[in-house]
Amino acid sequence: MALRIWASSTANALRLSSSSATRPHFSRCFSSVLDGLKYANSHEWVKHEGSVATIGITHHAQDHLGEVVFVDLPETGSSVSKATGFGAVESVKATSDINSPISGEIVEVNSKLSETPGLINSSPYEDGWMIKVKPSNPSELESLMGAKEYTKFCEEEDAH
């Protein structure tokens, strides 16, 4: 039970996004954090480009979850709200909800994850992205952490 609660809180902290122009930053916990992305304390990342924001879970989150074996994602056209669950990730350790770091309309879902959920482990910032959203309130991005803040957050969280 404690593992499920820990894994769930870890997964809820996953929020991030990346691009080929981003550089990895390695923290003491060996999780890569990319510059140029925004991060939620529930471990999701956001990469905002033009009118679309790509969302996935961080390397730190997938590392704590272990091997991902199933992903449950919403349909294109549905809406997501900041800090509200939009899907779930099942790993060999636990099933965890994934929260949206921003509000908006889902314009694309990564269909590759239904057949190859392990992309979240092997490429969390590139091939393992989850959804693309047209933000309804782009100012929500300002409340998310940058790479240095997120690295410090992970180090403090792992110390407890």
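Residues numbered from 1 in each chain as written. Predicted model: local features only at pLDDT ≥ 70, side-chain atom pairs only at ≥ 80, totals over all residues. Heavy atoms only, no water.

Okay, the sheet that holds strand β7 (residues 68–72) next. Strand order in the open sheet made by the three strands is β7-β9-β10, with antiparallel pairing throughout. Among the strands making up the open sheet, the edge pair consists of β7 and β10 (95–99). Taking each pair of neighbouring strands and ignoring which way they run, the sheet shows an average axis angle of 25 degrees. Of the pairings in the sheet, the one linking β7 to strand β9 (residues 85–91) comprises four bridges and is antiparallel in character. (Pairing = 2+ DSSP bridges. Helix = DSSP H or I, 4+ residues; strand = E, 2+ residues; numbered from the N terminus. Axes fitted to C-alpha atoms, helices over the stretch in contact; angles between N-to-C directions.)

Another aspect to go through is the UniProt feature "modified residue: N6-lipoyllysine" (unreviewed entry) in the protein chain. UniProt records the feature "modified residue: N6-lipoyllysine" (unreviewed entry) at K93, using the numbering of this structure. Only 3.2 Å separates the side chain of K93 from the backbone oxygen of H64, close enough to count as a polar contact. (UniProt positions renumbered as here; feature names shortened; annotations may be inferred. Polar contact = N/O pair within 3.5 Å; in protein donor to acceptor, adjacent residues only side chain to side chain.)

When you line up the elements, E90 lands in strand β9. Linking E90 and F70, residues 20 residues apart in sequence, is a C-alpha distance of 5.0 Å.

As a further point, take the confidence of the model for the protein chain. Averaged over every residue, the pLDDT of the protein chain is 85; the share at 70 or more is 81%. Here residues 1–30 is a poorly scored stretch, pLDDT under 50, and it has 115 contacts once near neighbours within four places are set aside; other chains count. (pLDDT = per-residue confidence, 0-100. Contact = heavy atoms within 4.5 Å.)

For P135, the location among the structural elements is in strand β12 (residues 131–135). For the pair formed by P135 and V107, sequence separation is 28 residues and the distance between their alpha carbons is 10.0 Å.

Taking 1.5 Å per residue, 13 residues should reach 18 Å; helix α5 (residues 147–159) reaches 18 Å between its end C-alpha atoms and fits that length. When α5 is considered as a whole, its buried residues turn out to be A147, Y150, T151 and C154. Taken down its axis, α5 places every buried residue within 105 degrees of arc, on the same side. Opposite the packed face of α5, turned more than 90 degrees from it, sit the exposed residues K148, K152 and A159. (Expected span 1.5 Å × (residues − 1). Buried < 20%, exposed > 50% of the residue type's maximum accessible area, 1.4 Å probe, protein only. Arc of directions from axis to C-beta.)

Among the seven residues in β9, five count as buried, and that is most of the element. Looking at chain direction, β9 and β10 are connected through five bridges and run antiparallel. Pairing of G85 across the sheet is with N99, part of β10. In this antiparallel pair of consecutive strands, β9 and β10, the connection spans three residues.

On to the packing of aromatic side chains, then. One pass over the full model with this rule turns up three aromatic pairs. Both rings, one in W45 and one in Y125, keep their centres 5.9 Å apart while their planes meet at 45 degrees; by these two values the pair is tilted. Here W45 is found in strand β5 (residues 43–49), whereas its partner Y125 is found in the loop between α4 (119–122) and β12, with 80 residues between them in sequence. Measuring from centroid to centroid gives 6.4 Å for Y150 and F153, while their planes differ by 25 degrees, and the two rings are stacked. Here Y150 pairs with F153, and both are found in helix α5, just three residues apart, close to one helical turn. Of the residues examined, Y150 reaches a relative accessible area of 0% and is grouped as buried. Linked through ring pairs, Y39, Y150 and F153 together constitute an aromatic cluster. A cation sits over an aromatic face here: K132 above W129, 4.9 Å from the ring centre. (Phe/Tyr/Trp six-rings, centres within 6.5 Å; stacked < 30°, edge-to-face > 60°. Lys NZ or Arg CZ within 6 Å of the ring centre and 35° of its normal.)

Looking now at a nonpolar patch on the surface. Side chains of V69, F70 and V92 sit close together on the surface and give an oily, nonpolar patch of about 270 Å² of accessible area. Note on placement: V92 falls in the loop between β9 and β10. The exposed category is assigned to V92, whose relative accessible area is 56%. (Patch = residues over 30% accessible without salt bridge, like charges linked within 9 Å, V, L, I, M, F, W, Y side chains within 5 Å. Areas by Shrake-Rupley, 256 points an atom, 1.4 Å probe, with all protein chains shown as cover. Salt bridge = Lys/Arg side-chain N within 4 Å of Asp/Glu carboxyl O.)

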